[in-house]
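# Structure assessment
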Amino acid sequence: MKKKTSLSTIITFILLFMVSSSVTLTAQKVSPAIDFSGYKMLKVKPSEADPSVKKWDSAHVVYYDSAIKNNKVLLWLTGTNGSTDHFPQAFLKTALDQGYKVIALSFFSKPGVSQICKDDYLSKNVNCAAEFRRKRIYGDNVFLPIPDQYQDAIIPRLTKLLQYLSKNDKEDVWSQYLNQGTGKPVWSKIAIAGQSQGGGMAEFIAQHESVARIISFSGGWDYSDSEKKKIAGWYSQKLMTSPQNVFATYHVKEAAAAQLEEICKTLHIPSENVFALDEPLKMQKKGPNPYHVEGVSNTVYKPIWIKMLGSGR
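Once a new chain begins, its residue numbering starts again from 1 and follows that chain's sequence as written. Local features are withheld for residues below a pLDDT of 70 in this predicted model, meaning they are given only at 70 or higher, and side-chain atom pairs are given and counted only at 80 or more; totals for whole chains, interfaces and linings count all residues. To obtain the side-chain values, all non-hydrogen atoms of the structure were included, while hydrogens and water were left out.

### Some points on the pairing of strand β5 (residues 190–195)
Successive residues of a regular strand alternate their side chains across the two faces of the sheet. Each residue gets one of three labels from its accessible area relative to the maximum for its type: buried under 20%, exposed over 50%, partly exposed in between, using a 1.4 Å probe on protein chains only. Put simply, DSSP H or I for four residues or longer makes a helix, DSSP E for two residues or longer makes a strand, and each gets a number counted from the N terminus. Among the 6 residues of β5, 6 are classified as buried, and the element is accordingly described as predominantly covered. Burial along β5 is two-sided: I190, I192 and G194 facing one way and A191, A193 and Q195 facing the other are all buried. Between the parallel pair β5 and strand β6 (residues 213–217), the chain is carried across by helix α8 (residues 197–206), and the sense of this crossover is right-handed. With strands facing away from the observer, any crossover in which the path from the first strand over the helix to the second runs clockwise is taken as right-handed.

See the structure below:
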């Protein structure tokens, strides 16, 4: 009887230990939530700011410190298939702590450039990537392969949002980010950060506008010849934004690392502003390109984020 009791006790102890260990291991995998409680948060649907919007109407997300009046906006542009329901919280919280206002903009994030500008279509139109990006950013050209309308483009949506905030959010002076003569964004007060497709959008805008700062996380790799992996011609155009204010990262183990390195050189981004990341994965991920989002998601790179962001004041 004693042996039976002893065996039962041992089994119970082992089971309890296994459950306890399992709980501990699970808890270690859960990242703590980012605390935005010190900042005001607004959500504005694109159709609220512009009634002509009919599609892709998930809300723009705005965070800011109402005590700071004369600072810069950091515009966040997501990657392909991304939305404002999921954004890089740790990075954007760092931007807020550096003194920025933050706008995570809702815009068509799919299809991506690489899904359209490839194979036969690319061989017939080597300028496909530039035309695609122009349509998605400015909305002022004809590019039939994507459904985006003018009111869906990044800059029209940003402009309408700033107009809406100027009228409806009196806790801040949002009109300072709009040119009162032209109605266009005041780019000297706006920084742009983006990942993958969004990073490429930021770089494209930097060639056409003098922006306060550009931060590209693995910012897309557009081709003029996808078979030969020849990068698109638009990268060779001169930046309107000062190259000293353009920053880029990529992970040395991601699939397009070689092309991203070449793109940074072609854009004439200063070498000290380009960060070839090499830390191990934050956590194991499935998929063919697990290192692609490390630059903007792994908090080990926070010192680099701070250097790229500078001060938002």
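### Some words on the state of the cysteines
Our working definition of a disulfide is a cysteine sulfur pair at a distance within 2.5 Å. A full pass over the atoms with the stated rule returns 1 disulfide. Across a sulfur-sulfur distance of 2.0 Å, C117 and C128 are joined as a disulfide pair. Negative torsions about the S-S bond denote left-handed disulfides, and the value of about -75 degrees found for C117 with C128 makes this one left-handed. In this pair, C117 sits in the loop between α4 (113–116) and α5 (119–124) while C128 sits in helix α6 (residues 128–137), placing the two residues 11 residues apart along the sequence. A relative accessible area of 5% means that C117 is categorised as buried. Among the residues examined, C128 registers a relative accessible area of 0% and is labelled buried.

### Remarks on the environment of E203
The residue E203 is located in helix α8 in this model. Counting along the chain gives 11 residues from E203 to I214, while the straight-line C-alpha distance between them is 7.0 Å. Here a polar contact means two N or O atoms within 3.5 Å. Within protein one must be a hydrogen donor candidate and the other an acceptor candidate, and residues neighboring in sequence count only if both atoms are side-chain atoms. One polar contact links E203 to S216, side chain to side chain, over a distance of 3.1 Å.

### What about the pattern of salt bridges?
Salt bridges are defined as contacts in which a side-chain nitrogen from Lys or Arg sits within 4 Å of a carboxyl oxygen from Asp or Glu. For the structure on display, the rule yields 9 salt bridges. Note that R157 is salt-bridged to D152, the shortest N-O span being 2.9 Å. Residue D152 is classed as buried on the basis of its relative accessible area, which comes to 4%. Linked by salt bridges that have partners in common, K40, D169 and E171 make up one network.

### Focus: the side chain of Q176
Mapped onto the elements, Q176 comes out in the loop between α7 (154–168) and β5. The contact criterion used throughout is that any non-hydrogen atoms of two residues lie within 4.5 Å. Excluding residues within four positions of it along the chain, Q176 makes contact with K69, N70, N71, K101, V186 and K189.

### A closer look at α7
Its 15 residues give α7 an end-to-end C-alpha distance of 21 Å, which sits within 8% of 21 Å, the value for a rise of 1.5 Å per residue. When we look at burial in α7, the residues that qualify are I154, I155, P156, R157, L158, T159, L161, L162 and L165. Given the number of residues in a helix, its expected span is that number minus one, multiplied by 1.5 Å.

### A closer look at the layout of surface pockets
Throughout, the protein atoms alone are placed on a 1 Å grid, and a set of points is a cavity if a 1.4 Å probe fits but cannot get out or a pocket if it is open with protein on both sides within 12 Å along at least five of seven lines; lining residues have an atom within 4 Å of a point. Grid points are joined across faces, edges and corners, and a volume is the space filled by probe spheres set on the points. Put simply, the largest pocket is a space of about 1,200 Å³. P88, Q195, V293, V296 and S297 are, among the 49 residues lining the largest pocket, the residues nearest its centre. With 5 residues, α7 is the single largest residue contributor to the lining of the second largest pocket.

### Some points on the packing of aromatic side chains
Only Phe, Tyr and Trp rings take part, Trp by its six-membered ring, and two of them pair if their centres are within 6.5 Å. Stacked means planes under 30 degrees apart, edge-to-face means over 60, and tilted covers everything else. Under the criterion given, the structure shown has 13 aromatic pairs. Where Y64 meets W174, the ring centres are 5.5 Å apart and the plane angle is 90 degrees; that geometry is what we call edge-to-face. One end of the pair, Y64, is in strand β2 (residues 60–64); the other, W174, is in the loop between α7 and β5, with 110 residues separating them in the sequence. A relative accessible area of 0% means that Y64 is categorised as buried. The exposure class of W174 is buried, given its relative accessible area of 1%. Three or more aromatic residues joined by ring pairs form one cluster here, namely W76, F91, F217 and W305. Only when the NZ of Lys or the CZ of Arg is both within 6 Å of the ring centre and within 35 degrees of the ring normal is a charge said to sit over the ring. Directly above the aromatic system of Y138 lies the positively charged group of R134, at a separation of 3.9 Å from the ring centroid. Lying over the aromatic face of Y177, K189 brings its terminal NZ or CZ to 6.0 Å of the ring centre.

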